[in-house]
Amino acid sequence: MIEKNCKVVEVNEIQTGIFILKVKSSQIAADVKPGQFCNIKVNDSLTPFLRRPFSVCDVDEDIISFQFNLVGEGTRLLSQKKKGDLLNIIGPLGVGFNYSGNFENAIIVAGGIGAAPFPLLIKNLSKDINVISFIGGRSKKDLIKYKLKNVIVSTDDGSEGFNGNVIQLLESEIHKYDKLNIKIFACGPNAMLRALSKFTIENKFDCEISTESVMACGFGICQGCNIEGINSERFLLVCKDGPVFKAEDVKL
Ligand SMILES: Cc1cc2nc3c(=O)[nH]c(=O)nc-3n(C[C@H](O)[C@H](O)[C@H](O)COP(=O)(O)OP(=O)(O)OC[C@H]3O[C@@H](n4cnc5c(N)ncnc54)[C@H](O)[C@@H]3O)c2cc1C
Ligand code: FES
């Protein structure tokens, strides 16, 4: 983990309200693993006071990208950064996805901006692994397909793809793949992760989920980001023990 002022390379709005921020950092680029995140100081002043955490979306040589949606003041400030601006970044942080196991189908499940960590995961998977990306959104304008592979979509309002949520879509499609050769990687809103965990635990699928919490320090000092573990003797920290956990290990 390092703290560094990194030069902004570009900020690009790829679809309404969804931005790709690219910054230069050879050290973070060399060390980061898929599913890890960085804690970004979005302004030189004291407001907003807390850094904002973002998953690393992709790495290209010494350039790291983040994908974010416009939520409030912090992301508004980030969206206005210009080439050459400096951003103070701490990273890479947390525990990312474990993609070293014995599986042939990597099934990605993402809701909205939950698609952010997957370009880097896909890039790091062995070339003979078949990737299928199930992505969901309220409407077709909320679907984020940036650098994903073999995308199958669902929308709550039926404006594109399967009419329903992404877990219902997954449940209707997953029988097409050999259960023993599947690993599921997911990120998205808590309600989606809760429904997915219930499904994968009941049906004994190997599944990892990337969770979120409001964070301050981002590396295990403030204890502000705790999450209840299952069969764990203590509360777990999203920033240090996660953000990626096995679905059966945390209570959402
Ligand atoms: C590990 C992790 C990875 C994330 N990766 C991404 C990503 O790749 N792309 C993306 O768009 N978003 C990501 N988020 C969420 C992102 O951090 C929040 O959307 C962002 O902080 C909102 O800031 P804001 O000032 O624009 O909004 P605000 O108006 O300040 O806050 C809106 C909401 O954002 C969340 N939030 C605010 N401050 C924090 C904070 N310090 N830590 C965590 N959540 C906060 C809260 O739920 C809050 O209600 C991630 C969060 C975590 C914990
Ligand atoms: S954010 Fe401080 S301990 Fe997790």
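For clarity, every value in this text was computed on a predicted model and none was experimentally measured.

**Student:** Describe the overall build of the protein, listing the residues and the values that go with them.
**Tutor:** The secondary structure content of the protein amounts to 5 helices and 17 strands. Over its C-alpha trace the protein gives a radius of gyration of 18 Å, about what one expects of a compact globule, namely 18 Å for 252 residues. With the C-alpha coordinates of the protein rotated into their principal frame, the extents come out at 50 × 45 × 35 Å. For the protein, buried positions account for 41% of its 252 residues. Within the protein, contacts between residues separated by at least 24 positions form 61% of all contacts whose residues are at least 6 apart in sequence.

**Student:** Please give an account of the domain arrangement of the protein that cites residues and values.
**Tutor:** According to the domain assignment, the protein consists of domain 1 (2-93) and domain 2 (105-251). Taking only C-alpha atoms into account, the centre of domain 1 sits 22 Å from that of domain 2. Facing the 20 residues of domain 1 at the interface are 20 residues of domain 2. Listing elements by their share of the side of domain 1 that touches domain 2, those giving two or more residues are strand E3 (37-41), strand E4 (52-55), strand E5 (58-60), strand E6 (63-69) and strand E7 (86-93). No other element matches the 3 residues that E6 contributes to the side of domain 1 that touches domain 2. Across the side of domain 1 that touches domain 2, the residue classes break down as 12 nonpolar, 6 polar and 2 charged.

**Student:** Could you give an account of the packing of helix H4 (residues 166-173) against helix H5 (residues 190-202), naming the residues involved and the relevant values?
**Tutor:** Remark: H4 packs on H5, axes separated minimally by 9 Å, with the N-to-C direction vectors making an angle of 25 degrees. For the element pair H4 / H5, the angle class is roughly parallel. For the pair H4 and H5, contact is made by Val 166, Ile 167 and Glu 171 and by Met 192, Ala 195, Leu 196 and Phe 199, respectively. Each residue belonging to the contact of H4 with H5 can be placed in one class, and the counts come to 6 nonpolar, no polar and 1 charged.

**Student:** Mind laying out H5, listing which residues take part and the relevant values?
**Tutor:** For H5, with 13 residues, the first-to-last C-alpha span of 18 Å sits near the 18 Å given by 1.5 Å per residue. Tucked into the core, H5 has its buried residues touching strand E8 (105-111), H4, strand E12 (182-187) and strand E13 (206-210).

**Student:** Let's hear about the pairing of strand E9 (residues 130-137): which residues, and what values?
**Tutor:** The buried fraction of E9 is high, at 6 of 8 residues. Strand direction decides the pairing type here: E8 and E9, joined by 7 bridges, are parallel. Paired with Ala 106 across the strands is Val 131, a residue of E9. Remark: the E8/helix H3 (residues 118-124)/E9 crossover connection has right-handed handedness. Examined bridge by bridge, E9 and strand E10 (residues 151-155) share 5 bridges and lie parallel to one another. Bridging from a neighbouring strand, Phe 134 pairs with Ile 152 of E10.

**Student:** Pulling in residues and values, what's your account of the environment of Ile 107?
**Tutor:** Assignment of secondary structure puts Ile 107 in strand E8. C-beta crowding within 10 Å serves as the criterion here: with 24 such atoms nearby, Ile 107 is assigned to the buried category. Residues Ile 107 and Phe 185 lie 78 residues apart in sequence; the distance between their C-alpha atoms is 6.2 Å. Excluding residues within four positions of it along the chain, Ile 107 makes contact with Ile 132, Phe 134, Ile 182 and Ile 184.

**Student:** Describe the sheet that holds strand E14 (residues 226-229), and please don't skip the residues or the numbers.
**Tutor:** Read from one edge to the other, the open sheet built from 3 strands follows the order E15-E14-E17, with strand pairing classed as antiparallel. This sheet does not close on itself; its edge strands, each paired only once, are strand E15 (236-237) and strand E17 (250-251). As judged from the 2 bridges shared by E14 and E17, these two strands associate in the antiparallel manner. Within E17, the position partnered with Glu 228 by the bridge is Lys 251.

Rules used in this analysis
Residues numbered from 1 in each chain as written. Chains lettered and ligands numbered in written order. Predicted model: local features only at pLDDT ≥ 70, side-chain atom pairs only at ≥ 80, totals over all residues. Helix = DSSP H or I, 4+ residues; strand = E, 2+ residues; numbered from the N terminus. Rg over C-alpha atoms; globule rule 2.2 N^0.38 Å. Buried ≥ 20, exposed ≤ 12 C-beta atoms within 10 Å, placed from the backbone. Contact = placed C-beta atoms within 7 Å. Domains from an automatic or database assignment. Nonpolar A, V, L, I, M, F, W, Y, C, P; charged D, E, K, R; others polar. Axes fitted to C-alpha atoms, helices over the stretch in contact; angles between N-to-C directions. Parallel < 35°, antiparallel > 145°, perpendicular 65-115°, else oblique. Expected span 1.5 Å × (residues − 1). Pairing = 2+ DSSP bridges. Right-handed = clockwise from strand over helix to strand, strands pointing away.

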